[in-house]
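# Observations on chain architecture
The lines below spell out each chain.
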Amino acid sequence: MMRHAKKREIPIWATKPAFIVGIIIVVTAILISFFPQFIAPYDPIEVNSKAILVAPSAEHFFGTDNFGRDVFSRVIWAARIDLQIGVFATIVPLIFGSLMGLIAGYYGGVVDNILMRIIDILMTFPFTILVIVIMTILGQGMRNIYIAIWLVGWMAYAKLVRGEVLVLKNAEFIEAARVTGFSDKRILLRHMLPNVVSSAVVFAASDVVLCMLTGASMSFLGLGVQPPTPEWGAILNEGRAYIMNAWWITFFPGLFMAITGIGFSLLGDGLTDFLRTKGK
Amino acid sequence: MNGLNYILKRILQIIPVVFIISILIFLMLRAIPGDPARLVLGEKATIESIDAMREKLGLNESYIVQYGKFVKGIVSLDLGTSLTYQRPVIELLRSRVKITLMLTLISTFFSLLISFPLGYYAGKYKDSMFDQIVKSGALAAVSMPSFWIGLLLMILFGVKLRWLPVGGWGNTFIEQIRSLILPGLTMSLLTSALLIRNIRNSVVDISNMDYVDFARSKGISERAVKNRHILRNALISTVTLLLMRMAYMLGGSVIIETVFSLPGIGKLMVDSIFGRDYAVVQALVMLFAMIILMINLLTDIIYSFLDPRVKF
């Protein structure tokens, strides 16, 4: 069609403004998390008894908290921890879950059956509840947040990749590879994986939001990152007691979390669009 | 009847699931490092009372016997005693579960109220300004932390405007409903966003179907086309999604109830984890699991009735 041909000539940033906004937000967030020391004017954990609960001003952009700590500096430094949780809590399930899905889908059989049954049962449970239950067993702390999310998160990827493998298994080029006598390992890694991994990666982009929010929720409940470490959920939790007279402690960390979350969601949506058009 | 058979089959399918879940929960307390008797009694317990508790919990017996007793306890609703409250766990649950169920119902109500008009008109006027705004709003709602939204609503309506209570629970019914409005609204945002996307997309898809064009060309009024064809079909997937979301809202109750200091089972869960009140935690996990299984069962049954294409 003519319209279609014309569309191609328009540069990508003009047709997908939302995707570009997403990329800008995510890149900015990553830069902040790498170089907080160049942006934050104060030490995030430095107590200042002379400036307690000061409202936002030129000196303290986001005000100060009950220990006189600069909220802006805390929010900036927190980006490092929150992004870390978002990214690393996603990467491990992405890799492990995809491999499990690949193997289960390719070989099938009893193991696949049992595995999928267990995943189906566990996945009907809310993510938050599963993570909290595991946190209860493991105890509080940042390391345990990772472990809890890893233990729960891989299942979605396994299911997703397995579904794709089942479709692909009967494709002609896989048949051809098998007839040629390639080993299972080669077929799985060289032929299957490149074709199924894209949907898992796209899912991961929005999964980062879920993992980041879950990590922050755990810290908000007091189960995760412990004070005085700056983390968005933890700062919000500390600010909750002062909500009546110091709204800035809760407002700004949440705002940063919301913007980062929206950035990753836009990125994920944009990637999904690309995948869909590629598929057609 | 075939429908009855299907329901029976689905109920029977739940039995192995309940079995697996009960084993997982049974193992949960034993997976926590330390002596379960000490975990149940707390750090300050004396050696004698720990020995007595070990005997009572049957920890000196084999795992199979222990598991049998555990199941017997659940069936006879004897869930142990809360360490923090010094009351039978079952009593504690009975007084708390009502609040969480009310919260879930209110937020379901809000979700429907928000998502149907927005989703329908966004789908009907696809790609319009309105559609763009609704779509962006939905995307923002799924990307934001619910506890932050809750705190913002609290600052605005509780602290600044003073229209609604900042948190806590009331004594009279009116007070209770008032204290559920803000948490219910907070909880409904994520669900609304997901429902809006679903309703919008099904309205777009269905409006392009031949039979809707056909209905219009027959001269049926726009209103009848909307009610009889478009909304009815959008309803099937939406109801299914909504029921599934109710299970997730229960999970969200842990956070929302903490934000608004609502004494429901979600807050009880957090308090019990901090108080190392493991008898309560165990009972709550079991309760959550049972409610979620029931919701799933209900979803499947309702879905099979709504969508005639499902074969029994």
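To keep things clear, this report deals only with the structure shown in the data block. (Residues numbered from 1 in each chain as written. Chains lettered and ligands numbered in written order. Predicted model: local features only at pLDDT ≥ 70, side-chain atom pairs only at ≥ 80, totals over all residues. Heavy atoms only, no water.)

## Quick word on the overall build of chain B
Definition in use: By definition, any uninterrupted DSSP run of H or I lasting at least four residues is a helix, any uninterrupted run of E lasting at least two residues is a strand, and each is numbered from the N terminus. The contact criterion used is simple: two residues touch if any of their non-hydrogen atoms lie within 4.5 Å. Areas reported here follow the Shrake-Rupley algorithm with a probe of radius 1.4 Å; residue values treat only the protein chains shown as occluding. Only four residue types enter the tally: Lys and Arg on the positive side, Asp and Glu on the negative side, with His and both chain ends excluded. Charge positions are represented by NZ for Lys, CZ for Arg, CG for Asp and CD for Glu.
Looking only at helices and strands, chain B has 12 helices and zero strands in total. Projected onto the principal axes, the alpha-carbon positions of chain B cover approximately 85 × 60 × 35 Å. Intrachain contacts of chain B at a sequence separation of at least 6 include 70% that bridge at least 24 residues. For chain B, the computed accessible surface area is about 15,700 Å², with 66% contributed by carbon and sulfur atoms. For chain B, the separation between the mean place of its 32 positive charges and that of its 20 negative charges on side chains is 7 Å.

## What about the packing of aromatic side chains?
Convention followed: Between 30 and 60 degrees the pair is tilted, below 30 it is stacked and above 60 it is edge-to-face, where a pair is any two Phe, Tyr or Trp rings, Trp via its six-membered ring, whose centres lie within 6.5 Å. Relative accessibility decides the category of a residue: with a 1.4 Å probe and only protein chains considered, values under 20% of the type maximum give buried, values over 50% give exposed, and everything between is partly exposed. Definition used: whenever NZ (Lys) or CZ (Arg) falls within 6 Å of the ring centre and also within 35 degrees of the ring normal, the charge is taken to sit over that ring.
Counted by the stated rule, this structure contains 26 aromatic pairs over all chains. Aromatic side chains Phe62(A) and Phe72(A) sit 4.9 Å apart centroid to centroid with 90 degrees between the ring planes, which places their arrangement in the edge-to-face category. One end of the pair, Phe62(A), is in the loop between helix H4 (36-39) and helix H5 (71-107); the other, Phe72(A), is in helix H5, and 10 residues separate them in sequence. Phe72(A) gets classed as buried once you look at its relative accessible area, which sits at 12%. Linked through ring pairs, Phe61(A), Phe62(A), Phe72(A), Trp232(A), Trp247(A), Trp248(A), Phe251(A), Phe252(A), Phe256(A) and Trp148(B) together constitute an aromatic cluster. Seen from the ring of Phe182(A), Arg186(A) lies directly overhead, with NZ or CZ sitting 4.3 Å from the centre.

## Notes on empty space enclosed by the protein
All names here are of chain B. This is how the line gets drawn: A 1.4 Å probe that fits but cannot get out identifies a cavity on a 1 Å grid over protein atoms alone, an open set with protein on both sides within 12 Å along at least five of seven lines counts as a pocket, and a residue lines either if it has an atom within 4 Å of a point. Grid points are joined across faces, edges and corners, and a volume is the space filled by probe spheres set on the points. Classification used: nonpolar for Ala, Val, Leu, Ile, Met, Phe, Trp, Tyr, Cys and Pro, charged for Asp, Glu, Lys and Arg, polar for all others including Gly.
Here the structure, examined in full by the defined rule, presents one cavity of 30 Å³ or more. Empty space within the largest cavity amounts to approximately 40 Å³. If you trace the largest cavity, you find it lined by Arg38, Leu39, Gly42, Glu43 and Arg276. Residue classes in the lining of the largest cavity are distributed as one nonpolar, one polar and three charged.

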